[in-house]
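Summary of the model geometry
So the chains spell out like this:
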Amino acid sequence: MRILLVDDDRLVRSTLAAGLTDRGHDVLDAESAEEALGLLGVRTVDIVISDIEMPGLGGLALGRALCTGIHRVRRVALTASQLSAADEAAMHELFERVLSKPITVDRLDSVLREFG
């Protein structure tokens, strides 16, 4: 499975990417929603895993972009933040799964395997 992992925290990104790669996934990573959209313009992925709270465009805007046009892919959100009720509702509407941080590689891999 080819995964695009989007998180502005380099340590989180590298830890999850290494663990998912060890479990047989092909992982691309991006530190921002903007970088992720650029990668999606030239690469095909099966699933995007995105942090919600990031500088710039942010995870909710990325989720909206992934639900439209050529970027339709499976979507998983990661969040460590308490969000407003409106943002919480939007997150559950835009992403197929919403997972709380901190998250283990085993838990994330288990969720990904549910997607087949």
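Heads up: the structure comes first, above all this text.
Here we summarise the structure given alongside this text.

Parameters at a glance
Residues numbered from 1 in each chain as written. Predicted model: local features only at pLDDT ≥ 70, side-chain atom pairs only at ≥ 80, totals over all residues. Heavy atoms only, no water. Pairing = 2+ DSSP bridges. Helix = DSSP H or I, 4+ residues; strand = E, 2+ residues; numbered from the N terminus. Axes fitted to C-alpha atoms, helices over the stretch in contact; angles between N-to-C directions. Contact = heavy atoms within 4.5 Å. Salt bridge = Lys/Arg side-chain N within 4 Å of Asp/Glu carboxyl O. Buried < 20%, exposed > 50% of the residue type's maximum accessible area, 1.4 Å probe, protein only.

1. Section: the sheet that holds strand β4 (residues 74–79)
If you trace the 5 strands from one edge of the open sheet to the other, you get β2-β1-β3-β4-β5, paired in parallel fashion. Looking at strand neighbours, the two that pair on one side only are β2 (26–30) and β5 (97–100), the edges of this open sheet. Ignoring strand direction, the axes of neighbouring strands in this sheet form an average angle of 20°. Contacting β1 (2–6), β2, β3 (47–51) and β4, helix α1 (residues 10–22) runs over the sheet at an angle of about 170° to β2.

2. Looking at the pattern of salt bridges
Scanning all chains against the criterion turns up 9 salt bridges. Between aspartate 7 and lysine 101 there is a salt bridge, with its nearest N and O atoms 2.6 Å apart. Remark: lysine 101 occurs in the loop between β5 and α5 (105–114) and aspartate 7 occurs in the loop between β1 and α1; sequence separation between them is 94 residues. A residue is classified by how much of its surface remains accessible, and aspartate 7, at 1% relative accessible area, is buried. Here arginine 75 makes a salt bridge to glutamate 96, at a shortest N to O gap of 3.8 Å. Of this pair, arginine 75 sits in strand β4 while glutamate 96 sits in the loop between α4 (85–94) and β5, placing them 21 residues apart in sequence. Arginine 75 sits in the buried class, given a relative accessible area of 13%. Here glutamate 96 falls in the partly exposed class, since its relative accessible area comes to 33%. Residues participating in the shared-partner salt-bridge network are Asp7, Asp51 and Lys101.

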